[in-house]
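In case you want the letters, here they are:
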Amino acid sequence: MINTFAQIDYLASSGQSVWHRSSAFAKLLLTGWYVGLAVATPSWGVLVLLLVTALALCVSARVPRRLMLAAASTPLMFSLIFVFAHIQADWDEPLILIARPMVASLTAVWLVSTTPYPDLFAPLSRVLPRGVGDSLFLTYRAVFALLARVERMWSALRLRGAMQRPVGQRFGLLGEAVGTVVLSGFDRSQRLYQAMQLRGHSGRICGCRHYLEFTPEDFWVLVAGVWGLGAIFVLGHLRPE
Amino acid sequence: MSHLHIPDGILPPLFWVSGLVITALLLFWSSSANRRSGPRELAFQSSLGGIMLAVMALPVPITAFDYCMTLAGPVGVLLGAGAAFQVSFVVTLILALLGQGGFTVVGLNSLVLGLGAMAARPLYLALAGGLGPARAMAAATALSQLMSTVCWSAILVASVRLTPGVAGEHAVAESLFRIWQQTGAAIVIPILALAVALESLLGYGLGHFLARVRPDLLPGPTRPSSASDRPAAPPAASGSP
């Protein structure tokens with residue numbers, strides 16, 4: 001899991017595609033547009049085109065195939081519950097129920113893989129309450145350090161045979177091990193607090209306005225947005241009767 | 001099951017719009033309740049959010065399948081209602097950005113995870129005096145898991161019934177629902193009971209560890225500690241029961 005987070009973070013910060021050079025705000029708008037379209041449109045034609053477009057965005061941004069596959073398949077289980085309820089002679093309603101979450105999920109992975117997290121969280125923190133916005137930044141930073149700690153804990157448990165014990169004992173031991181991580185998290189939070197005090201924390205983590213700096217590459221984001229709009233006019237008539 | 005995140009485009013708009021409104025209200029309430037807490041509490045809250053994300057990624061083997069924990073109950077006990085809901089929202093939002101769960105349904109997913117966490121501390125405080133911290137933590141975790149799963153199931157059942165063109169109108173879907181009613185409970189209820197039991201064991205182990213090593217991190221009256229020169233734990237979030 002830490003590899004996944006680290007991979008996404010590295011890709012977002014050091015990728016060289018045209019999407020990496022476009023502004024965070026434009027990409028956020030495009031993501032909102034595509035998710036809104038996916039949720040609102042009753043047309044399977046539009047959804048299929050959006051799905052192909054989202055895949056193309058991910059491929060052109062060099063998102064690892066493993067991540068794309070996870071993003072595409074994760075919503076399937078929940079969707080299948082509704083697909084079974086919609087089973088009938090036609091195929092278009094189940095297709096819509098499967099394609100909608102896949103479009104949203106793939107677009108989200110494209111966004112987070114092409115946008116460094118400070119640029120991504122800064123606009124979000126401006127619409128969230130102050131404590132929640134700050135918590136967003138700090139939690140993301142905490143994930144990396146604590147994921148490594150949790151993975152070492154997990155390895156230690158397995159190597160020392162804790163996972164070979166009866167299930168009842170297994171989870172109790174796991175709880176005690178998680179307790180060590182909680183203490184580690186508490187100690188880390190104390191050090192972070194001291195660092196924030198020393199660096200003059202004034203009550204809000206600075207979310208830079210870098211996300212609002214538009215670039216020439218935003219033209220391609222605009223093209224992708226217009227592409228979605230065109231899909232509505234051209235393929236919007238393809239819908240279940 | 002409480003962190004089987006609902007994807008975009010599946011639920012009727014009535015559900016996810018309501019979820020967003022309720023979540024927004026709870027976020028502003030929790031911010032108001034926690035306005036006296038400072039960066040020290042914020043850092044601890046964020047560390048626990050990071051641990052939640054890390055632990056969710058750990059598949060614990062149980063016979064032929066893996067189970068992923070949430071840690072929502074223990075986090076609720078340690079932080080209190082307001083801060084626990086904020087953590088649940090931040091965790092859900094980060095997961096949505098990774099394609100695990102949708103954007104439009106981030107409110108509903110936060111409510112599923114957060115309502116259970118919010119209910120944990122009151123029960124812990126009511127039981128800790130009589131049962132001791134470890135058992136009280138287990139009970140609070142069980143309640144949290146139950147609430148989250150019931151909430152998730154209620155959303156699922158209600159939305160399947162309210163979605164146009166669902167069971168009742170198609171012969172295949174009708175028979176599927178009949179099969180579900182006859183056998184679904186026999187499958188789901190044991191799985192639910194198992195999930196609650198496993199999370200409770202985890203909570204027991206965590207409570208047992210913290211009660212021995214850092215009782216000051218647990219809410220309520222703390223036992224006298226031999227290490228009296230340890231730094232004080234962050235005070236319980238203001239406004240939390």
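All of these numbers come straight from a predicted model, not from anything done at the bench.

Details of the overall build of chain B
Logical step 1: A count of helices and strands for chain B gives seven helices and two strands.
Logical step 2: Pairs at least 24 residues apart make up 76% of the contacts formed inside chain B by residues separated by at least 6 positions.

Describing the overall build of chain A
Logical step 1: Secondary structure assignment for chain A yields 11 helices and zero strands.
Logical step 2: Its C-alpha atoms put chain A at 60 × 50 × 30 Å along the principal axes.
Logical step 3: Counting only residues that meet the buried cut, chain A has 44% of its 241 residues in that class.
Logical step 4: Pairs at least 24 apart in sequence give 82% of the contacts found in chain A among residues at least 6 apart.

Digging into the packing of helix H2 (residues 39–56) of chain B against helix H4 (residues 81–97) of chain B
All names here are of chain B.
Logical step 1: At their nearest, the axes of H2 and H4 sit 9 Å apart, and the two run at 45° to each other. As summarised for this structure, H2 and H4 are arranged oblique, according to the angle between their axes. Note on packing geometry: the crossing formed by H2 with H4 is right-handed. In this structure, H2 uses Gln45, Leu48, Gly49, Met52 and Leu53 to contact H4, whose residues at the interface are Ala83, Gln86, Val87, Val90, Val91 and Ile94.

Considering the domain arrangement of chain A
All names here are of chain A.
Logical step 1: Per the domain assignment, the segments of chain A are domain 1 (2–115 + 214–235) and domain 2 (121–210).
Logical step 2: Centre-to-centre separation of domain 1 and domain 2, based on C-alpha positions: 29 Å.
Logical step 3: If you look at the interface, domain 1 gives five residues, while domain 2 gives six residues.
Logical step 4: Those elements that provide at least two residues to the side of domain 1 that touches domain 2 are helix H1 (2–14) and helix H3 (24–40).
Logical step 5: The element contributing the most residues to the side of domain 1 that touches domain 2 is H3, with three residues.
Logical step 6: Across the side of domain 1 that touches domain 2, the residue classes tally to five nonpolar, no polar and no charged.

Some remarks on the packing of H3 of chain A against helix H4 (residues 44–60) of chain A
All names here are of chain A.
Logical step 1: With their axes 10 Å apart at the nearest point, H3 and H4 run at an angle of 150° to one another. With respect to H4, the element H3 is oriented roughly antiparallel. Both H3 and H4 take part in a crossing whose hand is left-handed. The residues of H4 that touch H3, namely those facing Tyr34, Leu37 and Ala38, are Val46, Leu47, Leu50 and Ala54.
Logical step 2: Here the residues of the contact of H3 with H4 sort into seven nonpolar, no polar and no charged.

Considerations on the interface of chain A and chain B
By a widespread convention, an interface's size corresponds to the accessible area lost as its parts come together.
Logical step 1: Counting from both sides, the interface comprises 65 residues of chain A and, opposite them, 67 residues of chain B.
Logical step 2: Broken down by secondary-structure element, the contributors of at least two residues to the side of chain A that touches chain B are H3, helix H5 (65–73), helix H6 (76–85), helix H7 (92–114), helix H9 (130–159) and helix H10 (167–198) of chain A.
Logical step 3: Counting residues per element, the side of chain A that touches chain B draws most heavily on H10 of chain A, at 21 residues.
Logical step 4: Here the residues of the side of chain A that touches chain B are counted per class, giving 43 nonpolar, 16 polar and six charged.

Re the nonpolar core
Logical step 1: If you look at the biggest cluster of nonpolar residues, it comprises 147 residues, and the most contacted ones within it are Leu50, Val103, Leu106 and Val109 of chain A together with Val75 of chain B.
Logical step 2: Split by domain, the residues of this core number at least three in each of domain 1 (2–115 + 214–235) and domain 2 (121–210) of chain A.
Logical step 3: If near-sequence neighbours (up to four positions away) are discounted, Leu106 of chain A is found in contact with Ala54, Leu55, Cys58, Met68, Ala71 and Ala72 of chain A.

Focus: the environment of Leu108 of chain B
Logical step 1: Considering the arrangement of structural elements, one finds Leu108 of chain B in helix H5 (residues 106–131).
Logical step 2: If near-sequence neighbours (up to four positions away) are discounted, Leu108 of chain B is found in contact with Ile6, Phe15, Trp16, Gly19 and Ile155 of chain B.

Some details on H5 of chain A
Residue and element names in this part refer to chain A.
Logical step 1: For H5, the full list of buried residues reads Leu67, Met68, Ala71 and Ala72. All buried residues of H5 lie within an arc of 130° about the axis, which places them on one face of the element. Pointing more than 90 degrees away from the buried face of H5 are the exposed residues Arg65, Arg66, Leu69 and Ser73.

Looking at the environment of Ser22 of chain A
Residues and elements named next belong to chain A.
Logical step 1: Within the secondary structure, Ser22 sits in the loop between helix H2 (18–21) and H3.
Logical step 2: Ser22 sits in the buried class, given 23 other C-beta atoms within 10 Å.
Logical step 3: Once you skip the residues sitting within four places of it in the chain, Ser22 turns out to touch Lys27, Thr215, Glu217, Asp218, Trp220 and Val221.

Some thoughts on unusual backbone geometry
Logical step 1: In this structure, Arg62 of chain A is a non-glycine residue whose phi angle is positive, near 60°.
Logical step 2: For Arg62 of chain A, a count of 14 C-beta atoms within 10 Å translates into the label partly exposed.
Logical step 3: The phi dihedral of Leu71 of chain B falls on the positive side, at around 65°, and the residue is not glycine.
Logical step 4: Among the residues examined, Leu71 of chain B registers 31 C-beta atoms within 10 Å and is labelled buried.

Details of H3 of chain A
Logical step 1: Counted at 1.5 Å a residue, the expected span for H3 of chain A with its 17 residues is 24 Å, and the 24 Å between its end C-alpha atoms agrees.
Logical step 2: Summarising the contacts, the buried residues of H3 of chain A are in contact with H2, H4, H7, helix H8 (117–127) and helix H11 (218–235) of chain A.

Here we look at the confidence of the model for chain B
Residues and elements named next belong to chain B.
Logical step 1: Residue-level pLDDT values for chain B average 79, and 76% of them are 70 or greater.
Logical step 2: When the criterion is pLDDT under 50, residues 223–232 qualifies, and its contacts beyond four places in sequence or with other chains add up to six contacts.
Logical step 3: For residues 235–241, every residue scores under 50 in pLDDT, and the model assigns this stretch 25 contacts once sequence neighbours within four places are set aside.
Logical step 4: Overall fold confidence (pTM) sits at 0.86, and the ipTM for the predicted complex is 0.87.

Procedures and definitions
Residues numbered from 1 in each chain as written. Chains lettered and ligands numbered in written order. Predicted model: local features only at pLDDT ≥ 70, side-chain atom pairs only at ≥ 80, totals over all residues. Helix = DSSP H or I, 4+ residues; strand = E, 2+ residues; numbered from the N terminus. Contact = placed C-beta atoms within 7 Å. Buried ≥ 20, exposed ≤ 12 C-beta atoms within 10 Å, placed from the backbone. Axes fitted to C-alpha atoms, helices over the stretch in contact; angles between N-to-C directions. Parallel < 35°, antiparallel > 145°, perpendicular 65-115°, else oblique. Left-handed = near helix turned anticlockwise from the far one by under 90°. Domains from an automatic or database assignment. Nonpolar A, V, L, I, M, F, W, Y, C, P; charged D, E, K, R; others polar. Core = buried A, V, L, I, M, F, W, Y, C linked by C-beta atoms within 7 Å. Arc of directions from axis to C-beta. Expected span 1.5 Å × (residues − 1). pLDDT = per-residue confidence, 0-100.

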